[in-house]
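Survey of secondary and tertiary structure
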Amino acid sequence: MSAPTLPAINSRPPGDLAIWFVIFAELLTFGIFFLSYGFTRAHNVALFDASQQLLDRRTGAINTVLLITSSYFVVRAVAAVKADDSRAAAHWLFAAMGLGAGFILLKLNEFAHGYAAGITLSTNTFYMFYLSLTVFHFLHVVVGLLVLGIIAQKAWTGGYSAAEHTGVETGATYWHMVDMVWIVLFPLVYVIH
Amino acid sequence: MPSASAASLRLRPCTWVWIGMLTLTAFTYAIAQAGLHGTPVVFAVLALAFVKTHWVAHHFMGLRQASWPWRAAMAAWQLAVAVGLGIAYLNTVSP
């Protein structure tokens, strides 16, 4: 009887080493942003709580579902590449991009409604944080979609294989980081008070 | 030996993680819609969020199979943000 096999422990996480330095730099930036929001709110509780009530939590929750599911599709794409099925990987990546585009559309709609209601960076301290955080994250989603588009195109043309898939893992890791930041941003800005 | 139908119903671990994250998101949204607030609610919602970030890091980003310094760096970020927010919200939550 053979002994049960344990998952192999690699010294490095998946993807290019450089992307992990980018990711930790991004997480550090967003982390400082989140803590700045929290401690600024502690001095303006009534203003933050009243302003937060005007946000659309339903759209925020839908956006969470879109990004989580998109991230899951990207995991399936990486698994498909490792199984030497580059075309299936491209399908998963195109589906992930579709959900990411859905996030973009809902966010643009939210920003447009806010702008029509007269909400700007100078409306009050809460909206300064709300717009800064969500627009900064929005730009990361746009960059992530471009990255997914590049690796999807390469996967479609058979550019990845079970032996060579560092590129698709690198793009996937960036997209998961974008998802991870939103997972904290949504409850922080839209829910807790 | 599992039957063919049982094998076809077996979900990948990443699929279970995805379902788990959707479930925790539903809990967060339900708490928001119910208008629940107070310190325990804030800590519960933050805990749900950081469980999800842990799942993304370990199961989606692949840190589960990386060496400990990488996992420690991610855990340090999660812990620092979670504890910092916990302190920021302590005693500043609507009654």
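Up top is the structure.
It should be emphasised that the depicted structure is a prediction, and the values quoted were computed from it without experimental measurement. (Residues numbered from 1 in each chain as written. Chains lettered and ligands numbered in written order. Predicted model: local features only at pLDDT ≥ 70, side-chain atom pairs only at ≥ 80, totals over all residues. Heavy atoms only, no water.)

1. Some points on the interface of chain A and chain B
Where we set the bar: We call two residues in contact whenever any of their non-hydrogen atoms come within 4.5 Å of each other. Buried area counts how much accessible surface, traced with a 1.4 Å probe, disappears from two parts once they are put together, with both parts' losses summed. Put simply, a salt bridge is a Lys or Arg side-chain nitrogen that is within 4 Å of an Asp or Glu carboxyl oxygen. Pairing of N or O atoms within 3.5 Å defines a polar contact, subject to two protein rules: one partner must be a possible hydrogen donor and the other a possible acceptor, and residues neighboring in sequence count only if both atoms are side-chain atoms. Each helix is a run of H or I in the DSSP string that is no shorter than four residues. Each strand is a run of E no shorter than two, and both are numbered from the N terminus.
Across the contact, 49 residues belong to chain A and 45 residues belong to chain B. Buried surface at the junction of chain A and chain B, summed over both partners, amounts to about 4100 Å²; 76% is from carbon and sulfur atoms. By the criterion of area lost to chain B, the three top residues of chain A are Tyr 72, Met 180 and His 193 of chain A, representing 15% of everything that side buries. Connecting chain A to chain B are 0 salt bridges. At the surface where chain A touches chain B, the tally comes to 7 residue pairs in polar contact (both at pLDDT 80 or more). Taken together, the elements giving at least two residues each to the side of chain A that touches chain B come down to helix 1 (17–41), helix 2 (45–52), helix 3 (57–82) and helix 6 (166–191) of chain A. Here the element with the most residues in the side of chain A that touches chain B is helix 1 of chain A; it accounts for 13 residues.

2. Some details on empty space enclosed by the protein
Filter applied, for reference: A cavity, in this analysis, means grid points on a 1 Å lattice covering only the protein atoms where a 1.4 Å probe fits yet has no way out; a pocket is instead an open set bounded by protein on both sides within 12 Å along at least five of seven lines, and a residue lines either one if it has an atom within 4 Å of a point. Grid points are joined across faces, edges and corners, and a volume is the space filled by probe spheres set on the points. Under the convention adopted here, Pro, Cys and the residues Ala, Val, Leu, Ile, Met, Phe, Trp and Tyr are nonpolar, Asp, Glu, Lys and Arg are charged, and Gly plus all remaining residues are polar.
For the coordinates displayed, the defined rule picks out 1 cavity of 30 Å³ or more. In this structure, the largest cavity spans a volume of roughly 40 Å³. In terms of lining residues, the largest cavity is bounded by Val 191, Ile 192 and His 193 of chain A together with Ile 31, Leu 36, His 37, Val 41, Val 42 and Val 45 of chain B. Top element by residues in the lining of the largest cavity is helix 3 (residues 39–60) of chain B. It accounts for 3 residues. In terms of residue class, the lining of the largest cavity is made up of 7 nonpolar, 2 polar and no charged.

3. As for the environment of Thr 173 of chain A
Note the cut-off: Burial classes follow relative accessibility: with a 1.4 Å probe on protein chains only, a residue under 20% of its type's maximum area counts as buried, one over 50% as exposed, and anything between as partly exposed.
Mapping Thr 173 of chain A onto the fold places it in helix 6. Its relative accessible area of 2% is what places Thr 173 of chain A among the buried residues. In the structure, Thr 173 of chain A is positioned 102 residues away from Ser 71 of chain A in sequence and 9.3 Å away in space, judged by C-alpha atoms. Leaving out residues up to four positions away in the same chain, Thr 173 of chain A has contacts with Pro 14, Trp 20 and Ile 23 of chain A together with Met 61 of chain B.

4. Structural notes on the layout of surface pockets
Over the atoms, a rolled probe matching the size of one water molecule traces out where space is still vacant. By volume, the largest pocket is sized at about 550 Å³. If you go around the largest pocket, you meet 24 residues; those closest to its centre are Val 75 and Lys 82 of chain A together with His 59, Phe 60 and Gly 62 of chain B. Classifying every residue of the lining of the largest pocket by side-chain character gives 12 nonpolar, 7 polar and 5 charged. Of the pockets and cavities examined, the second largest pocket occupies roughly 190 Å³. Taken together, 13 residues line the second largest pocket, and the ones lying closest to its centre are Glu 110, His 113, Gly 114, Ile 119 and Tyr 130 of chain A. When residues of the lining of the second largest pocket are traced back to their parent elements, those giving at least two are helix 4 (86–116) and helix 5 (125–156) of chain A.

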